[in-house]
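Chain by chain, the residues run as shown.
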Amino acid sequence: MDKLVIEGGAKLQGIVEISGSKNASLPVLAATLLTAEESIVENVPALNDVQTLSQLLRSLGSQITRDEGVFLISNQDIHSVEAEYDIVRKMRASVLVLGPLVARFGKARVSLPGGCAIGARPIDMHLRGLEQMGAKVVLEHGYVEATAPEGGLVGTRIVFEIPSVGATENLMMAACLASGTTVIENAACEPEIEELARALSSMGAKIQGAGTNVIQIDGVSSLSGLQHCVEADRIEGATFVAIAAATQGDLLIKNIQLNHLENILMRFQEAGCEISPEGANALRVRGPEKLKNIDIQTAPYPGFPTDMQAQFMACMCLADGISHIEEDIWENRFMHTPELVRMGADISMNGNLAVVRGVSKLTGASVMATDLRASAGLIIAALAAEGVSEILRIYHLDRGYVKIEEKLSNLGACIKRVKQDGSSVVIQPHIVMPAEAGI
Ligand code: EPZ
């Protein structure tokens, strides 16, 4: 397994460009299953999770041609409606094919994803919603088999007990081809939902209210090819804000949607970062000499995202005072804390609350990444730490961050990837200072 070796202490400076969003790409790619016509999706990030979904789509019969970030997808010859365990176990978002398959083909058999490092991650709300639309759902042999009634799924009113991003996406896609109107109440409001709705609308779907907690979908009998350009990854963008914050850095972060980051930027500003928009979709972030302690509580959008909790915690490890970090989305998303403690952080846990007492310095250590965002948190700590750190199990990182070591190296980080066979990947940094870019 590859590892990252980082020598901390550099104040990162320069320009970084944010890639297309992982969590927007996955549902948009799954949505192409709703039509037999050719779809085109642009700005798809080169990530392992995208590769896994492509593998799944191909196993169903999708023809996918890929030119850099542009995907041409034809789902004319779908010959299977089964998502196998071997693929689903690699990536839970595979379950997003369920809604489109049942809606278009009347049937789907999808392996139950099972739990993962961050929590149990049930899909009961996805299944209950499909049942409410008339599907018969059977759980057997580790698979969920969903069958639409004769004549197809039927629009209905679905009220979620908690907002779920994946359930909102799955049911919104299913409802596009259901007969009549579906209303999803207490829907998730994440930007990725709004983006999926835009992609579905490009196919002729009739959706109102996406991005609010009540979404109405008027079903249509068929959809045309999807055309969409994936927006920038807001969590990758925010991760670079955290990197500037922790390293006393000075970064120009390009290609981000500022309005999707409001809550996060406010927290970093309160923590002492100087943050200024540079035009419509770029941001300059300067980290302070010493961060201030800030409390956060993760919440569905527009609250502070759970996907930034580990990165924020890494910053707070070096803050001037005590911060309280409450994780309210996933029941087990604190696996990075013992690793941060190994680097000298002072963190005590009490259920879903972490109490982080800022220390004057972190020291490099060998640490283990346990999930995607935990990996990002450990990278931030390693960049800010004194000495050398090794981050093991970075395959998690490759699921969600495009060329992170290259991007960091171009900002002046001392970082290298060491391959499983012991060989290192040497990166020739290309550093452009914000000042040289006319900023
Ligand atoms: C999405 O996961 C993201 N993944 C996650 O990002 C993110 O952490 C999460 O939303 C919350 O923002 C993708 O978009 C691919 P949920 P999802 O359904 O859809 C409970 C990352 O690092 N729940 O909104 O699976 C669930 O257990 C990843 O990029 C049920 O109880 O999340 C959780 O507590 C990790 N029953 C809460 O809802 C259900 O049927 C929110 O989960 C569904 C969810």
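Only a predicted model underlies this, so the values are computations on that prediction, with no experimental measurement involved.

Can you help me understand the domain arrangement of the protein chain in this one?
Accessible area lost during the coming together of the parts is what is often quoted as the interface size. Here the protein chain is described as being made up of domain 1 (3-19 + 232-437) and domain 2 (22-229). Computed from C-alpha atoms alone, the centre-to-centre distance between domain 1 and domain 2 is 31 Å. Facing the 21 residues of domain 1 at the interface are 19 residues of domain 2. Carbon and sulfur atoms make up 53% of the surface buried where domain 1 meets domain 2, a total of about 1,700 Å² over both sides. Summed over the three residues of domain 1 that lose the most area to domain 2, namely Y301, W330 and R399, the buried surface amounts to 34% of that side.

Got a minute to help me understand the sheet that holds strand β8 (residues 136-140) in this structure?
Two strands in a sheet stick together by hydrogen bonds in their backbones, pointing the same way (parallel) or opposite ways (antiparallel). A sheet is described by the order of its strands in space; here four strands give the open sequence β6-β7-β9-β8, paired in mixed fashion. Of all the strands in the sheet, the pair left with one neighbour each is β6 (82-83) and β8. Pairing between β8 and strand β9 (residues 143-147): five bridges, direction antiparallel. Looking across to β9, one finds that V138 is bridged to E145.

What is the right way to look at the packing of helix α8 (residues 234-246) against helix α12 (residues 372-384) in this model?
When two helices pack together, their arrangement is captured by the angle between the axes and the distance separating the axes. Interhelical geometry of α8 versus α12 gives an angle of 20° and a closest axis separation of 9 Å. The angle between the axes of α8 and α12 places the two elements in the roughly parallel class. Between α8 and α12 the crossing geometry is right-handed. Of the residues in α12, those in contact with I235, T239, A242, I243 and A246 of α8 are R373, A376, I380, L383 and A384. Here the residues of the contact of α8 with α12 sort into eight nonpolar, one polar and one charged.

Looking at this structure, how should I read the nonpolar core?
Soluble globular proteins tend to bury their nonpolar side chains together. If you look at the biggest cluster of nonpolar residues, it comprises 74 residues, and the most contacted ones within it are V97, L153, M172, L200 and I207. Here this core takes seven residues from helix α6 (residues 165-176), the largest share from any one element. Beyond its immediate chain neighbours, meaning those up to four positions away, M172 contacts I184, I193, L196, A197, L200, I207, I215 and I217. By size, the runner-up hydrophobic cluster in this structure holds 72 residues, among which are C315, M343, I380 and I391.

Explain the layout of surface pockets here, please?
Gaps between atoms show up when a probe of the same size as a water molecule is rolled over them. In this model, the second largest pocket occupies a volume close to 340 Å³. If you trace the second largest pocket, you find 19 residues lining it, with A246, Q248, E289, L318 and A384 closest to the centre.

Help me out: how do you make sense of α12 in this one?
It helps to recall that an α-helix has 3.6 residues per turn; residues three or four apart then point in one direction. The first and last C-alpha atoms of α12 sit 19 Å apart over 13 residues, in line with the 18 Å expected at 1.5 Å per residue. Counted residue by residue, α12 has 12 buried out of 13 residues, so it is predominantly covered. The N-cap residue of α12 is D371: its side-chain oxygen and the backbone nitrogen of R373 are 3.0 Å apart.

I'm lost on the pattern of salt bridges in this one. Help?
Opposite charge on two side chains permits them to pair, given that their charged atoms come into close proximity. This structure, assessed with the given rule, holds 24 salt bridges. Salt-bridge contacts for R109 lead to E82; the nearest nitrogen and oxygen are separated by 3.2 Å. Residue R109 is found in strand β7 (residues 107-111), and its partner E82 is found in strand β6; the two are separated by 27 residues along the sequence. Overall, the relative accessible area of 23% leaves R109 in the partly exposed class. Two residues, K107 and E145, come together in a salt bridge whose shortest N-O distance is 3.5 Å. In this pair, K107 is assigned in strand β7 and E145 in strand β9, connecting sequence segments 38 residues apart.

Help me understand the site of the ligand, please; the structure alone is not making it clear to me.
Around the ligand, 21 residues are found, and the nearest of them are S164, V165, D307, I329 and R373. Within the contact set of the ligand, an oxygen atom lies 3.1 Å away from a side-chain nitrogen or oxygen of K22. With respect to the ligand, the side chain of R333 contributes an N or O atom lying 3.1 Å from an oxygen atom. Contact with the protein chains covers 85% of the free accessible surface of the ligand, which is 830 Å². For the shell around the ligand, the secondary structure elements donating two or more residues are α1 (22-31), α5 (124-132), α6 and α12. If you tally residues by element for the shell around the ligand, the top one is α5, at three residues. A breakdown of the residues in the shell around the ligand according to their chemical character gives 10 nonpolar, five polar and six charged. When we break the shell around the ligand down by domain, the ones giving at least three residues each are domain 1 (3-19 + 232-437) and domain 2 (22-229).

Can you walk me through the sheet that holds strand β22 (residues 366-368) in this structure?
Strands sit in the order β22-β23-β1-β24-β25 across an open sheet of five strands; the sheet is mixed. The outermost strands of the open sheet, each flanked by one partner alone, are β22 and β25 (424-425). Here strand β24 (residues 414-418) runs beside β25; their pairing, made up of two bridges, is antiparallel. Bridge pairing links R417 to V425 in β25.

What's the story with the environment of G387 in this structure? I'm lost.
Tracing the sequence through the fold places G387 in the loop between α12 and β23 (388-392). Once the C-alpha coordinates of G387 and T363 are considered, the two residues, 24 residues apart in sequence, prove to be 6.1 Å apart.

Looking at this model, I keep getting lost on the side chain of Q309. Mind explaining?
Of note, Q309 is situated in helix α10 (residues 309-316). On the accessibility criterion, Q309 (0% relative accessible area) is buried. A polar contact is formed between the side chain of Q309 and the backbone oxygen of R333, at a distance of 2.9 Å. A polar atom in the side chain of Q309 sits 2.9 Å from the side chain of H336. In this view, Q309 contacts T298, F304, I325, E327, R333, F334 and H336; residues no more than four positions away in its chain are not counted.

Just to check I follow, could you spell out the pairing of strand β15 (residues 250-254) for this structure?
Regular strands show a simple pattern: their side chains alternate between the two faces of the sheet. Burial runs high along β15: four of the five residues are buried. Note that strand β2 (residues 13-17) and β15 share five bridges and pair parallel. Within the sheet, the bridge partner assigned to G14 lies in β15 and is L251. Of the pairings in the sheet, the one linking β15 to strand β17 (residues 282-286) comprises five bridges and is antiparallel in character.

Analysis parameters
Residues numbered from 1 in each chain as written. Predicted model: local features only at pLDDT ≥ 70, side-chain atom pairs only at ≥ 80, totals over all residues. Heavy atoms only, no water. Domains from an automatic or database assignment. Contact = heavy atoms within 4.5 Å. Buried area = accessible area lost by both parts, 1.4 Å probe. Pairing = 2+ DSSP bridges. Helix = DSSP H or I, 4+ residues; strand = E, 2+ residues; numbered from the N terminus. Axes fitted to C-alpha atoms, helices over the stretch in contact; angles between N-to-C directions. Parallel < 35°, antiparallel > 145°, perpendicular 65-115°, else oblique. Left-handed = near helix turned anticlockwise from the far one by under 90°. Nonpolar A, V, L, I, M, F, W, Y, C, P; charged D, E, K, R; others polar. Core = buried A, V, L, I, M, F, W, Y, C linked by side-chain atoms within 4.5 Å. Buried < 20%, exposed > 50% of the residue type's maximum accessible area, 1.4 Å probe, protein only. 1 Å grid on protein atoms, 1.4 Å probe; cavity = no way out; pocket = protein on both sides within 12 Å on 5 of 7 lines; lining within 4 Å. Points joined across faces, edges and corners; volume = space filled by probe spheres on them. Expected span 1.5 Å × (residues − 1). Polar contact = N/O pair within 3.5 Å; in protein donor to acceptor, adjacent residues only side chain to side chain. Salt bridge = Lys/Arg side-chain N within 4 Å of Asp/Glu carboxyl O. Near = heavy atom within 4 Å. Areas by Shrake-Rupley, 256 points an atom, 1.4 Å probe, with all protein chains shown as cover.

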